[in-house]
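# Report on the structure
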Amino acid sequence: MAALAEADVIRLQEELKAKPLTPGQLIKLRFLRHKMAVLGAIMLLVLILYAFGGALVYSEAEANFTDTKIRLNPPSAEHPFGTDTVGRDILARTIYGGQISLLIGLSAVVVEVIVGVLIGAIAGYYGGWIDGLLMRFTEAMFNIPQLFLLLVMAKFFGGKIPTITFLNREFSGSVIVIIVIIGITSWMYLARIVRANFLSLKEREFVLAAHTTGTSNLSIIFNHILPNSIAPIIVSGTLSVANAIISEAYISFLGLGVQPPTATWGNMLEGAYNYIETAPWLWISPGILIVLTVLSINFVGDGLRDALDPHAIVEAK
Amino acid sequence: MKQKRFYRIVTVLTVLALTLSAFASLAGAQEAAKVATFAWTQEPDSLNPFYTDMWFATLMHQVYLCWAWQFDDQAVAYPHLVTELPSVENGGVSEDGLTITLNLRDDITWSDGEPITSADFQFTYDMVMTDANTVNSQYPYDYLDSVETPNDLTVVMNFAEPFAPWLANFWRGILPKHILEPIFESEGSLIEAEWNEAPTVGCGPYVFDEWESGSYIRFVKNQNYWLGEANIDEIFFQFVPDDAAQTAALIAGDADLGTFPPLSDVPVMQNAGINVLSVNGGYSEIWFFNFRDMASPGAKDINVRKAVTMALDRNAIVDDLMLGLTQTGETMWDPLTAYGYVSPDITPWEYDPDGARQLLEDSGWIDRDGDGIREDADGNPLTLYHGTTIREIRQDIQAVAQQQLLQVGIDLQIMSEDSDIFFGSYSDGASCATGSVDVMEWSDAPFFPDPDTDYWLCDQVPNDENPWGYNYFGCDETLDALFRSQLVETDPTARTEIFHDITQYMHDQVYLIPLYIDPDIWLINPRLTNVTISGVTPFYSIMSWDITE
Amino acid sequence: MTRYIIRRILQAIPLLFIISVLLFVLMINTGDPLATMGGRKATRPEDRARLARQLGLDQPIYKQYIYWLIGNDWALIDMDGDGILETPGSRLGVLRGDFGNSLISRGKAVIEIIWDRLPNTLILMIPAEIIVIIVSLIVGIYSALRQYSLIDHTVTALSFIGYSMPIFFVALVSMYIFGVNFKRWGLPYLPTVGMFDPKMGKTTVQIIWHMILPIFSMTVITAAGYSRFVRSQMLEVISEDYIRTARSKGLPQRLVISRHALKNAALPLVTIVGLDVPLLLAGAVVTETIFAWPGMGRLFIDHLSRSDTPVVMGILMMISVAVVFSQLITDIIYAWLDPRIRYT
């Protein structure tokens, strides 16, 4: 795909000679040329529509409505995705579970970006012992495989946050826990990118000029340097959403994730292997939804990378 | 050159992998021997009975260990190492209940031929009470004043106060003094003794052979067993760390026996011709109410507790979620075993949502703001916080109960945590200990088959001084007095009377709602014959089990 | 080179120290190991108080950490609960190679517990990693040589899908197809869980038979990323001058690929594989859990869920040390394979 994009870029540059485009138009064009990315974006839109639009068809009460008489029923006209162990409709649950899964994906990345950008920017801008200390810390976090750290933290925070009500809906406190721990275990990569960017940008003329006019350090960091390193942050952030959704699924699958009553695609899969033979519909639909979401986000991320940063040689991990 | 290096690396790695797998392979099993395979979903922490109380470990005791007396499939005790069960009639228990004398059989031996004597009992007591050994529990040995051994076949237990539940709790496993004493003397503790993981000298019908971590434990026939030779040659505990694996192994006939299955798999196994045996171990799945000061007003109101009981369709839970494999209960005490501790005058709570609504109306819980949730006169909503441990069936029950209670206007807030967090200490701020939940659900039993429990004693309420106290429920002076009096009551009839009072009182006060009796479900391949299982000493009859093809 | 290695090792010391403090603080606060020691019943308060004292769990966290790090044989502990410190400790501490004893399998040394499971994990992971490398090299090179062909597009799309799939989904689907449905259809089916069939015993054949599904799942997930990496490396290499020279000299395509291109394209893969090697030790937590493989990953989950701090710390520190060293070794191997690189 990278090669495809490169070819596109060459073609684009030729077109450029003919008529100059604004950077925004250029990015849009490059993104639209990336067929997989467009497909991914459409797929993502459909999934978001499914999770949020579906709420118009099914109420949350229906998603949580139990009927033990019809437990573990296979897919039927009435329950297209079947029913779960207490007779709840799996279709309705994938809708509300999807909202939480997508919410976790996005919010965790917000946490990740805040932490990653702050640490990366401070380390890169100030340098010296601050840089040394922060990078040692980053390295330490890097050294422990993320899943292990996630599991330990999920246990650490587990049960420490009560159920909260937000937008008239109740969220198990574990949703917040999962968002925070995914955020604070995944910022390291981003911090390194931001730091590298800051290291090179802080010596540039416009920064030196800002210094001489007496602009504060804070203002230089956030108003001058940061906007210039936004592209890699956006790309890395998009790909992180996919990672966050997968991480949630992993922790929930291992039983340490979001706890009932809140459904997520991940915790709908918990203990799925107990039903691998008797009730495969319990895990098939949430599983496919996770795969589709992650796949489309990865496509979009790939497209964004090519569009925002044509010279990027960073490969997908 | 470089290419060669690359291949060299690959070769080294391959050889390494092959060597490792070769290490793992064992000689093929002998075909002629009768081998019974038990599928175990959890691996024991230790084989020393005093280093773990893990259920899957204690289940194995009757295979390689011996208790002074064991229990049959009706949970009735019978003598095993002793000639008869001590009683007031035969002089084994003194009139004041302060002395219990055990007379040992003269033919009992360890699997290496050494006789089992009173010295082993004395040694066991000493080891449990020695701090350096860091045993799991000193109960009930810390109720003893001393143990005396006037001769090789007599053990005298001296108490400071009568201790009624002694029969159910003493001498659950004896340690071989001749093996462990030298280790204790040289190392100052038994904690690292090899015997804990490889009890090659035991006193059961089988003797330990091999333990491969994460895979299996094998026991072979004890040739020196004083009761004769077992029918089956080898007992093989295979660790299938997952329910699905257990079900698959049982259906495929790879395992002959398993326990603790996911209930949803039971019909599948029945269809595959596997026998399902339900054995009562005294456990019930219970909702415990918190009526301490910090509890929600609803939990402290007896009418609300009654209404909750009436609004819960426990029969639906038993029939649908438990697939009808058990039945509802009314107290924490098992009505099925033959002890008769449960008051015969108890009238079971019936499912009656209308009655629940009426009761709530009458006691001032009325939905004043029309949101479907009742409030008291001050406008406090009728919200109850329900907590339990992370287990699928419990979380399922929470979801069902939440809906049922909402129908009578009770708002049930549900929460679940890992059990090591849920049961954390008061100083950790754990939910149960600090009382942040009003209803707590888990499965529990008294010191079965004895009815004793110290859960509701007032001095067990957790606080700063007693952070580990486990009376998460509350101090009721009447109940406290009743529990204290039964503990020292040596007359069995009088003690049963006290338990009738206790069960009746707790039922009337609705301090707990037993959802269902939680039996141990055993799955047995029909080729394994003659199987009887006890709720206390499950494999008490294992030497007469057999395999018929 | 030697100086470089020494410097790297010295740098690792503060790193490992930070990691150990971080993890220790987290672990001590993740639940009470004593809470579940009563088995199916609640642990008796008297026993909890006694065990907390005897196992040192009632000590302030800094003390617990110090005892863990440098042992407590120089300090006195109160074993009998009379409030007087009388018994000398027996732990040597991590720095002297003693990771302590498990709290739940009380007398068992952490090292021993880990050592029991390590071979199982390696038996599964080493072949898995080798297969992943081989598959990704073949797929990556093939699709690079046939750039923009139908096969290349298919492989690219598939690798994206593989890369996006959580391993449990692949595992569940493959278990469902090859374990459950094949059996239902009367076809030869694969075992779904465990390391060997208890009836057959722990034979090499049995283990290999049980390894098929876990290795298949890991290959689908991991090879996807690797092969894309190989492909782009390969594309870069084959456009370079020396390859063109080799071709123009009339060397056959196969020889050009195997002698010249492959070697240079595979080099960067060493770095990536090197970074993944420590994960092998940990075992794929999820893979081992789903397939009930008695390795390190399962060990970690089991002991974490019961807050067994010494064992969890032992596993995590072992991984951290392995990460540090495998990074170092990767660098050294890299320099050895590519003479242009010099470390000073």
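Everything numeric in this text was worked out from a predicted model, so none of it was measured.

### Some remarks on the overall build of chain A
Regarding its fold elements, chain A presents 14 helices and two strands. Buried positions account for 55% of the 317 residues belonging to chain A. Relative to all contacts within chain A whose residues are 6 or more apart in sequence, the contacts with residues 24 or more apart total 71%. If you sum the accessible surface of chain A, you get close to 13,400 Å²; carbon and sulfur atoms cover 68% of it.

### Some thoughts on the nonpolar core
With 170 residues, the main nonpolar core has Leu151 and Phe253 of chain A, Trp287 of chain B together with Phe168 of chain C as its most contacted residues. Sorting elements by how many residues they give to this core places helix 4 (residues 110–145) of chain C first, with eleven residues. If you look at the next biggest cluster of nonpolar residues, it comprises 84 residues, including Trp110, Ala193, Phe447 and Met543 of chain B.

### Considering the state of the cysteines
Residue and element names in this part refer to chain B. Per the stated rule, a full pass over the model turns up two disulfides over all chains. Put simply, Cys66 and Cys203 are joined by a disulfide, and their sulfur atoms are 2.0 Å apart. Its S-S torsion of about -100° marks the bond between Cys66 and Cys203 as left-handed, since a negative value means left-handed. Of this pair, Cys66 sits in the loop between helix 3 (61–64) and strand 2 (69–71) while Cys203 is found in the loop between helix 6 (177–187) and strand 7 (206–212), placing the two residues 137 residues apart along the sequence. For the pair Cys66 and Cys203, one class covers both residues: buried. Between the sulfur atoms of Cys458 and its disulfide partner Cys475 the distance amounts to 2.0 Å. The sign of the S-S torsion, about 80°, decides the handedness of the disulfide formed by Cys458 and Cys475: right-handed. A residue pair is termed long-range when its members are at least 10 positions apart, and Cys458 in the loop between strand 15 (439–444) and helix 16 (477–487) and Cys475 in the loop between strand 15 and helix 16 qualify at 17 residues. On the accessibility criterion, Cys458 (19% relative accessible area) is buried. Judged by relative accessible area, which is 38%, Cys475 ranks as partly exposed.

### Observations concerning the sheet that holds strand 16 (residues 512–517) of chain B
Residue and element names in this part refer to chain B. With respect to topology, five strands assemble into an open sheet ordered 14-13-15-12-16, the strand pairing being mixed. The sheet is open, and its two borders are formed by strand 14 (411–417) and strand 16, each paired with just one other strand. Direction aside, neighbouring strands of the sheet carry axes that sit 25° apart on average. Taken together, the six bridges between strand 12 (residues 284–289) and strand 15 define a ladder with antiparallel strand orientation. Bridge pairing in strand 15 links Glu285 to Ser443.

### Brief notes about the domain arrangement of chain C
Residues and elements named next belong to chain C. Domain boundaries assigned for chain C yield domain 1 (19–98) and domain 2 (112–337). Inter-centroid distance (C-alpha atoms) of domain 1 to domain 2 is 39 Å. Counting residues at the interface gives eleven residues for domain 1, matched by nine residues for domain 2. A combined buried area of about 910 Å² lies between domain 1 and domain 2, and 77% of that area is made up of carbon and sulfur atoms. Of all residues in domain 1, the largest losses of buried area upon contact with domain 2 belong to Leu23, Met27 and Trp68, amounting jointly to 52% of the total for that side. Joining domain 1 to domain 2, the criterion identifies zero salt bridges. The interface formed by domain 1 and domain 2 contains one residue pair in polar contact (both at pLDDT 80 or more). For the side of domain 1 that touches domain 2, the leading source of residues is helix 1 (residues 2–28), giving six residues. For the side of domain 1 that touches domain 2, the class distribution of residues is seven nonpolar, three polar and one charged.

### Quick look at the side chain of Thr83 of chain A
Residue and element names in this part refer to chain A. Tracing the sequence through the fold places Thr83 in the loop between helix 4 (60–63) and helix 5 (90–126). Here Thr83 falls in the buried class, since its relative accessible area comes to 0%. Among the polar contacts listed, one links the side chain of Thr83 to the backbone oxygen of Ile70, at a separation of 2.7 Å. In contact with Thr83, not counting residues within four places along its chain, are Ile70, Arg71, Leu72, Asn73, Arg88, Ile90, Trp281 and Leu282.

### What to know about the pairing of strand 13 (residues 383–389) of chain B
All names here are of chain B. Strand 13 sits mainly inside the fold: six of its seven residues count as buried. As paired elements, strand 13 and strand 14 share seven bridges and run parallel to each other. The partner of Tyr385 across the bridge, within strand 14, is Gln413. Note that the unit made of strand 13, helix 13 (residues 392–406) and strand 14 has a crossover that is right-handed. Where strand 13 meets strand 15, three bridges bridge the pair, whose relative direction is parallel. Along strand 15, the bridge assignment pairs His386 with Val439.

The rules behind these values
Residues numbered from 1 in each chain as written. Chains lettered and ligands numbered in written order. Predicted model: local features only at pLDDT ≥ 70, side-chain atom pairs only at ≥ 80, totals over all residues. Heavy atoms only, no water. Helix = DSSP H or I, 4+ residues; strand = E, 2+ residues; numbered from the N terminus. Buried < 20%, exposed > 50% of the residue type's maximum accessible area, 1.4 Å probe, protein only. Contact = heavy atoms within 4.5 Å. Areas by Shrake-Rupley, 256 points an atom, 1.4 Å probe, with all protein chains shown as cover. Core = buried A, V, L, I, M, F, W, Y, C linked by side-chain atoms within 4.5 Å. Disulfide = S-S within 2.5 Å. Pairing = 2+ DSSP bridges. Axes fitted to C-alpha atoms, helices over the stretch in contact; angles between N-to-C directions. Domains from an automatic or database assignment. Buried area = accessible area lost by both parts, 1.4 Å probe. Salt bridge = Lys/Arg side-chain N within 4 Å of Asp/Glu carboxyl O. Polar contact = N/O pair within 3.5 Å; in protein donor to acceptor, adjacent residues only side chain to side chain. Nonpolar A, V, L, I, M, F, W, Y, C, P; charged D, E, K, R; others polar. Right-handed = clockwise from strand over helix to strand, strands pointing away.

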